Amino acid sequence: MKVLDLAAAQTRFSLPDELHAAEPPEARGLTRDGVRLLVADGGGAEGGGAEGGGAAGGGAEDGEAAGGGKITVRHARFRELGAHLRPGDLLVVNTSGTLPAAVDAVREDGRGVIVHFSTELDDGRWLAELRPPDNKGGPIPDGRVGEAVLLPGGVRLHVDAAYPDPCTITGSRLWAVRTDAPAGVPAYLAEHGRPITYGYLRGRWPLAHYQTVFSRDPGSAEMPSAARPFTNDIVLDLIASGVVVAPITLHTGVSSLEAGEPPLPERYRVPEQTARLVELTRRSGGRVIAVGTTATRALESAALPDGSILPGEGWTDLVLGPDRPAYVVDGLISGLHAPDASHLLLLEAVAGPDVVGRAYEAALEHGYLWHEFGDSSLLLR
């Protein structure tokens, strides 16, 4: 498997335990759009509006980019997003819905196991992780080709091959698996599954907490969480102010990758109407702002070096970074990513390492919360 050089990411930091968002904002007494929003703008104050609302300090903080430009950092609430966008900006959102992709199961020898379904392959099989029943640490070390796992409801899962290296016989992190679920895996998960969770979360939360206002097409193993703070009211207010919203679809796989492991190939679709809106926005001087790394990856997978974009669908294994900058995306809305996440390379490829580094420095300084239920950022090139 190709290994990413995460040392290429200039944004380096340590994440204190207290900055892990351990529960949804609703459990912390907030609305979805009440989470904090950090706006880091590499173009200075241009496009920025309100300077207040700042539960994290309010006002603006200026810093210098390596090239001598001004980086402005503002603190707000997510409901104030519109104050930091301009008429003519294009927001590109992911319509993928989250599957209840975790299932408690039993191995042939009676030991418990959690199955995380990740991605449906073209031949009808799925990629899956086999994790210990306490869900601590990584995948189980002794999973093997040919193993059968008993799922609830009398359904059997068969481990066909390791992924991505089919020559591996035991100990793979990901496996290509098949089941005998009569109605298929998505229908089976709807009845027996629950959302994938990790050790930093307290408790289990209903699937509705893992859907966004844009969720239309079920298919993601984990929530495209950058869009979680959006509400219907925010979307309507943005449209009324002249901000355009356009859809793409990218179905996310599991995020529990080892350090240095590249993102999984993922299935995406860029509709023709969205491709036309991207080109129109660029010709008109507006900014293309992706909601999340998923929307960024889909758009850039359809983009050409000259900034044009072609509609289409298929699989993408694109990794943005120093060797592949963003061609069409000018900024993105994103949650805060872990220190060893490959997403940091993507953020830097869009907004620049100076903007991302200053944003994460400010987020740590002001106690922003990380992960899918945490706070948000708007990073502008």
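Residues numbered from 1 in each chain as written. Predicted model: local features only at pLDDT ≥ 70, side-chain atom pairs only at ≥ 80, totals over all residues. Heavy atoms only, no water.

Looking at an unreviewed UniProt entry, one finds the protein named S-adenosylmethionine:tRNA ribosyltransferase-isomerase, with Yinghuangia soli as its source organism.

Novice: Explain the pattern of salt bridges residue by residue, including any values.
Specialist: This model, assessed by the stated rule, comprises 25 salt bridges. For Glu-108, the salt bridge is made with Arg-144, and the minimal N-O distance between the two is 3.1 Å. One end of the pair, Glu-108, is in the loop between β6 (102–107) and β7 (112–120); the other, Arg-144, is in the loop between β8 (126–131) and β9 (148–151), and 36 residues separate them in sequence. Residue classification places Glu-108 among the partly exposed residues on the basis of a relative accessible area of 49%. Overall, Arg-144 belongs to the partly exposed group, its relative accessible area being 37%. Taking the shortest distance from any N to any O, the salt bridge between Arg-276 and Glu-272 comes out at 3.0 Å. With Arg-276 and Glu-272 both in helix α3 (residues 272–283) and four residues apart, the pair spans about one turn of that helix. Among the charged side chains, a salt-bridge network with shared partners connects Arg-107, Asp-109, Arg-111, Asp-142 and Glu-147. (Salt bridge = Lys/Arg side-chain N within 4 Å of Asp/Glu carboxyl O. Helix = DSSP H or I, 4+ residues; strand = E, 2+ residues; numbered from the N terminus. Buried < 20%, exposed > 50% of the residue type's maximum accessible area, 1.4 Å probe, protein only.)

Novice: Tell me about the nonpolar core, and name the residues and values.
Specialist: Among the nonpolar cores identified, the biggest contains 54 residues, and Leu-299, Tyr-360 and Trp-370 are the most heavily contacted of them. Sorting elements by how many residues they give to this core places helix α5 (residues 343–351) first, with seven residues. Each residue touching Leu-299, except ones within four places of it in the same chain, is listed here: Val-92, Ile-248, Thr-274, Val-278, Val-288, Ile-309, Val-328 and Val-329. Ile-114, Ile-140, Val-159 and Ala-221 belong to the second largest nonpolar core, which has 31 residues in total. (Core = buried A, V, L, I, M, F, W, Y, C linked by side-chain atoms within 4.5 Å. Contact = heavy atoms within 4.5 Å.)

Novice: Could you give me a rundown of the side chain of Thr-281, with the residues and numbers involved?
Specialist: Within the secondary structure, Thr-281 sits in helix α3. For Thr-281, the side chain forms a polar contact with the main-chain oxygen of Leu-277, separated by 2.7 Å. The contact partners of Thr-281, leaving out residues within four places of it in the chain, are Gly-88, Leu-90, Gly-286, Arg-287 and Val-288. (Polar contact = N/O pair within 3.5 Å; in protein donor to acceptor, adjacent residues only side chain to side chain.)

Novice: How would you summarise the sheet that holds β8 if you had to cite specific residues and measurements?
Specialist: One closed barrel accounts for six strands, arranged β6-β7-β8-β11-β10-β9; its pairing is antiparallel. Between one strand axis and the next, the sheet turns by 45° as a mean value, whatever way the strands run. As paired strands, β6 and β9 are joined by two bridges and run antiparallel to one another. Each residue of the ladder has a partner; that of Arg-107, found in β9, is Val-149. (Pairing = 2+ DSSP bridges. Axes fitted to C-alpha atoms, helices over the stretch in contact; angles between N-to-C directions.)

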